[in-house]
Amino acid sequence: MEIKMLDLTKIFVSKDKREVHAVDHVDLTIPSGKLIGLLGPSGCGKSTTLYLLAGLLRQTQGQIYFGEDEVSDMPPEKRGIGLVFQNYALYPHMTVRENILFPLENLKVEKEEAKKRTIEMAQLVGLGEMLDRKPKELSGGQQQRVAIARALVKKPRVLLLDEPLSNLDARLRLQTREEIKRIQRETKITTVFVTHDQEEAMSISDEIVVMKDGVIQQMGEPQHVYDHPQNLFVAQFLGTPQINVFNGVVKNKKIYVNDMFISKTTLEDQTVKVGVRPEGFIVDLEKKSEFKFEIDLVETIGRDTTLIIEVPGNEGGLLDKITFKAIVDASLKIKAGDWVHFNIKPEKMYLFDLEGKLLK
Ligand SMILES: Nc1ncnc2c1ncn2[C@@H]1O[C@H](COP(=O)(O)OP(=O)(O)OP(=O)(O)O)[C@@H](O)[C@H]1O
Ligand SMILES: [Mg+2]
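Here the structure is a predicted model, which means the values were calculated and not measured.

Draft legend 1. Structural detail: the sheet that holds strand 14 (residues 270–276). Overall, antiparallel pairing links the 5 strands, which are arranged 13-12-11-14-21 in an open sheet. Looking at which strands have only one partner, the edges of the open sheet turn out to be strand 13 (260–264) and strand 21 (349–352). On average, adjacent strands in this sheet sit at an angle of 35 degrees to one another, irrespective of strand direction. Pairing of strand 14 with strand 21, which is carried by 4 bridges, proceeds in the antiparallel orientation. Counterpart to Gly275 in the pairing with strand 21 is Tyr350.

See the structure below:
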């Protein structure tokens, strides 16, 4: 079921009459059968978007469609949605079976059918053997899978997940996210997965939507958005370590950082932000490159070495002091105090204007 949001806007008015544009003129189409990761920093409007889709909040402006069906004014129970929250409280006194079955009791589904679907859902989430346990006899990840089964048992048209893994420890988080991916693939239910964790969104999603201040910044396949960010915010939000950002200048078709030549460009003379992914540095063993730094710290983990470099700002104030990270091959045996010359892989470098817009 395709989800379409047209000019979707939610304005909250606080007690002192200030307006918060939590969701700001969002036009977004979520393709049928896909798992979409809705991603952005705290307060950017992810949950509000989800609650608008669910009907738990009423939009200030705009429309929502599920397929051809406009649901903008429909109450939540009519929309055909399954919802899973961060702490989706299960009923502690009920067994897994009773918890999963519960939503069907209000729907007047025939008893035998309800039982059958409950077992199917428990099997789908890998809890077929645990139907008679109580929630407290399950791990956090298993409890969250019960919540997912309970959300799916009504055969919703869309599945909405709001930070469903946040309460799990690192290992369970990984396992449960693989499980969600599998369940989504098997059921092919259109799913919106909200998270502020970029790595989680990148790994689980068919497409990610990056949001900031209620506004969609970019949508696309995770790797594509990582490789082709449309602005500095998106570039900085995706990837660990973060993309490095240098203040640079373009002069006579050449880009300089701290007066060191970096590369050629076709851009006109101007001040720019130069973004370089940590994996975009090549150590120039012949030491021909002008772009050189003294290494402050070296961290080696497995086959990668991270070089950490403090660049002092210049006195005119044009260049900020920055710390940047370069990931290089551990076999180079670089030590703190070494001077290293770098070349930059062109496909790992991005130029932005001072507002953060990508310069073509
Ligand atoms: N009921 C409300 N009344 C007033 N302002 C609200 C209300 N709910 C949310 N907001 C504001 O709307 C903005 C978006 O909030 P939202 O909960 O959607 O963010 P989020 O992206 O889910 O953040 P998080 O990652 O912290 O969960 C925030 O500035 C928040 O303070
Ligand atoms: Mg939220």
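Draft legend 2. How the structure looks around unusual backbone geometry. The omega torsion across Thr240 and Pro241 is -15 degrees, close enough to zero to call that bond cis. Locating Pro241 in the fold gives a position in the loop between helix 9 (232–237) and strand 11 (244–251). For Lys155, which is not glycine, the phi torsion reads 55 degrees and is therefore positive. According to the relative accessible area criterion, Lys155 is exposed, its value standing at 54%. Positive phi, normally seen in glycine, also occurs at Lys253, with a value near 65 degrees. As for its position among the elements, Lys253 is in the loop between strand 11 and strand 12 (254–257). Lys253 sits in the partly exposed class, given a relative accessible area of 35%.

Reading the values: the criteria
Residues numbered from 1 in each chain as written. Chains lettered and ligands numbered in written order. Predicted model: local features only at pLDDT ≥ 70, side-chain atom pairs only at ≥ 80, totals over all residues. Heavy atoms only, no water. Pairing = 2+ DSSP bridges. Helix = DSSP H or I, 4+ residues; strand = E, 2+ residues; numbered from the N terminus. Axes fitted to C-alpha atoms, helices over the stretch in contact; angles between N-to-C directions. Buried < 20%, exposed > 50% of the residue type's maximum accessible area, 1.4 Å probe, protein only.

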